[in-house]
Amino acid sequence: MTLPAQHQTVLLREAVDALEIKPAGTYVDGTFGRGGHSRAILDRLGPDGRLLALDRDPDAVALAREAPDRRLRVMHQSFSELTEALRVAGIDVEQGVDGVLLDIGVSSPQLDQGERGFSFRYDAPLDMRMDTTQGETAAQWLQRAGVQEITEVIRNYGEERFAFQIAKKVVAARGERPLTTTGELAALVRAAVRTREPGKDAATRTFQALRIHINQELEQLTLVLPQAMTVLKQGGRLVVISFHSLEDRIVKRFMRDGAAPDRLSRKLPLRAVDLPQPDLRLVGKALKASAEEVAANPRARSAVMRVAEKLARKAA
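Residues numbered from 1 in each chain as written. Predicted model: local features only at pLDDT ≥ 70, side-chain atom pairs only at ≥ 80, totals over all residues. Heavy atoms only, no water.

Caption draft 1: Highlighting the environment of alanine 286. In this fold, alanine 286 is placed in the loop between strand S6 (280–282) and strand S7 (287–288). Separated by 18 residues in sequence, alanine 286 and valine 304 have C-alpha atoms that sit 6.4 Å apart. Once you skip the residues sitting within four places of it in the chain, alanine 286 turns out to touch Val304, Met305 and Arg306. (Helix = DSSP H or I, 4+ residues; strand = E, 2+ residues; numbered from the N terminus. Contact = heavy atoms within 4.5 Å.)

Shown next, in the form of structure tokens:
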């Protein structure tokens, strides 16, 4: 599997190490991207190992299919449909898988392809969809959404304090003509944001918020985590790399709650051995990219990796 030279997979070795690959195991890469993690997993799998790779981006799926490997099954599907994807791939959900890897968020190639509309560095159609075969574009949503809805999206997903001012400008501008390009939106946002963070473009938070909303990224993450825990075998690993505090908060809370035993009243006459056991074990602490990796790939700066292992349930 050949990767584009410009793509650098974040926390590559750390993520694959955390999966503790078994040569004959079955694994899921829920976000194929440009194949960095998948290739590393395949390098450690034996001839009887299996890897299911999912991606919403048709470009990523097309790339994966250029280098066929009989151990690899690639599907154009969101990881939020993990359980169904396993069934379609012929993997026994009851038997389970040995590991699930999720590398959340937009990939570097998506940001670097101006026509995708993710970045304000290029004046391009205001699209922002990860799956370009379906759904509403950012331009279409901005054309119909009201001031309050736009404000909430930009404030909640971008943590932008000038969200209301931006929303008002969007609605006023579209009254004259639709916003159709990234350049038009970026200029409008810059005019609405009165103070800027040093070294950061004023449009950064708004573009991030719209991307998260258009692709329902937080909802997708919330849906996949319980599925991943269900399909994991006992001792299987869940590895999640996030790039935004909102994503990491969801992952952290899910793993923390899964690693906490069910709470029962202290008045119940139960021995310690009979108390409910947690579903997960946290593996290490949250891991960030090293200074060396950040220097080589600045987009790794915000990456946070969390790992959990599914525990065995005691026999009744």
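Caption draft 2: Representation of the pairing of strand S2 (residues 50–55). With 5 of 6 residues buried, S2 lies mostly within the body of the structure. In terms of strand pairing, strand S1 (residues 26–29) meets S2 through 4 bridges, oriented parallel. Among the inter-strand pairings, threonine 26 is bridged to a residue of S2, identified as arginine 50. In the classification by handedness, the crossover that spans S1, the intervening helix H2 (residues 36–44) and the parallel S2 is right-handed. On the question of chirality, the crossover connecting S2 to the parallel strand S3 (residues 72–76) by way of helix H3 (residues 58–64) is right-handed. (Buried < 20%, exposed > 50% of the residue type's maximum accessible area, 1.4 Å probe, protein only. Pairing = 2+ DSSP bridges. Right-handed = clockwise from strand over helix to strand, strands pointing away.)

Caption draft 3: Region of interest: unusual backbone geometry. One non-glycine residue with positive phi stands out, namely glutamate 20, at about 50°. Structurally, glutamate 20 can be placed in the loop between helix H1 (12–19) and S1. On the basis of relative accessible area, glutamate 20 is assigned to the partly exposed category, the value being 47%.

Caption draft 4: Spotlight on the nonpolar core. Trp141, Leu142, Ile150, Ile166, Val170 and Leu185 are the most contacted members of the largest nonpolar core, which totals 35 residues. Secondary-structure elements contributing two or more residues to this core are helix H6 (138–144), helix H7 (147–158), helix H8 (163–174), helix H9 (182–192) and helix H10 (204–214). If we ignore the near neighbours within four places in the chain, the residues touching tryptophan 141 are Glu136, Glu149, Ile150, Val153, Leu210, His213 and Ile214. (Core = buried A, V, L, I, M, F, W, Y, C linked by side-chain atoms within 4.5 Å.)

Caption draft 5: Structural context of the packing of aromatic side chains. Here the structure, examined in full by the defined rule, presents 1 aromatic pair. Plain terms: the ring middles of phenylalanine 120 and phenylalanine 207 are 5.3 Å apart, the flat faces sit at 85° to each other, and that makes the pair edge-to-face. Pair noted here: phenylalanine 120 is in the loop between helix H5 (108–112) and H6 and phenylalanine 207 is in helix H10, with a separation of 87 residues, a long-range link. With relative accessibility at 22%, the residue phenylalanine 120 sits in the partly exposed group. (Phe/Tyr/Trp six-rings, centres within 6.5 Å; stacked < 30°, edge-to-face > 60°.)

Caption draft 6: Up close: the confidence of the model for the protein. Chain-level pLDDT for the protein is 89 on average; 90% of the residues reach the 70-or-more range. Taking the mean pLDDT of every element in the protein, the minimum, 66, falls on H5 and the maximum, 98, on S1. The low-confidence segment residues 1–6 (pLDDT under 50) makes 13 contacts with residues lying over four places distant or belonging to another chain. (pLDDT = per-residue confidence, 0-100.)

Caption draft 7: View of the packing of helix H11 (residues 217–231) against helix H12 (residues 245–258). H12 packs onto H11 with a crossing angle of 25° between their chain directions and a minimal axis gap of 10 Å. Classified by the angle between their axes, H11 and H12 sit roughly parallel to one another. By crossing handedness, the relation of H11 to H12 is classed as right-handed. Contact with H11, carried on its side by Glu217, Leu218, Leu221, Thr222, Leu225, Pro226 and Met229, involves Leu246, Glu247, Ile250, Val251 and Phe254 of H12 and no other residues of that element. Looking at the contact of H11 with H12 residue by residue, the class counts come to 9 nonpolar, 1 polar and 2 charged. (Axes fitted to C-alpha atoms, helices over the stretch in contact; angles between N-to-C directions. Parallel < 35°, antiparallel > 145°, perpendicular 65-115°, else oblique. Left-handed = near helix turned anticlockwise from the far one by under 90°. Nonpolar A, V, L, I, M, F, W, Y, C, P; charged D, E, K, R; others polar.)

Caption draft 8: How the structure looks around the pattern of salt bridges. All chains considered together, the criterion is met by 19 salt bridges. Across the pair arginine 237 and glutamate 20 runs a salt bridge, and its minimum N-O distance is 3.4 Å. Here arginine 237 is found in strand S5 (residues 232–242), whereas its partner glutamate 20 is found in the loop between H1 and S1, with 217 residues between them in sequence. Among the ionic pairs, aspartate 248 bridges to arginine 306, the shortest N-O distance being 2.7 Å. Pair noted here: aspartate 248 is in helix H12 and arginine 306 is in strand S8 (residues 304–310), with a separation of 58 residues, a long-range link. For aspartate 248, a relative accessible area of 12% translates into the label buried. In this structure arginine 306 comes out as buried when scored by relative accessible area, which is 17%. (Salt bridge = Lys/Arg side-chain N within 4 Å of Asp/Glu carboxyl O.)

Caption draft 9: Spatial organisation of the layout of surface pockets. In this model, the second largest pocket occupies a volume close to 390 Å³. At the level of secondary structure, the elements contributing two or more residues to the lining of the second largest pocket comprise H6, H10 and H11. When the residues that make up the lining of the second largest pocket are grouped by side-chain class, the tally is 4 nonpolar, 9 polar and 7 charged. (1 Å grid on protein atoms, 1.4 Å probe; cavity = no way out; pocket = protein on both sides within 12 Å on 5 of 7 lines; lining within 4 Å. Points joined across faces, edges and corners; volume = space filled by probe spheres on them.)

Caption draft 10: Just the environment of threonine 204, in detail. You can see threonine 204 is positioned in helix H10. Classification of threonine 204 by relative accessible area gives partly exposed; the value is 24%. For the pair formed by threonine 204 and glutamate 184, sequence separation is 20 residues and the distance between their alpha carbons is 14 Å.

Caption draft 11: Region of interest: H8. The end-to-end C-alpha distance of H8, which contains 12 residues, comes to 17 Å, matching closely the 16 Å that a straight helix rising 1.5 Å per residue would cover. Among the residues making up H8, those that are buried are Ala163, Ile166, Ala167, Val170 and Arg174. Across the axial projection of H8, the buried residues extend over an arc of 100°, all falling on one side. The elements touched by buried residues of H8 are H6, H7, H9 and H10. (Expected span 1.5 Å × (residues − 1). Arc of directions from axis to C-beta.)

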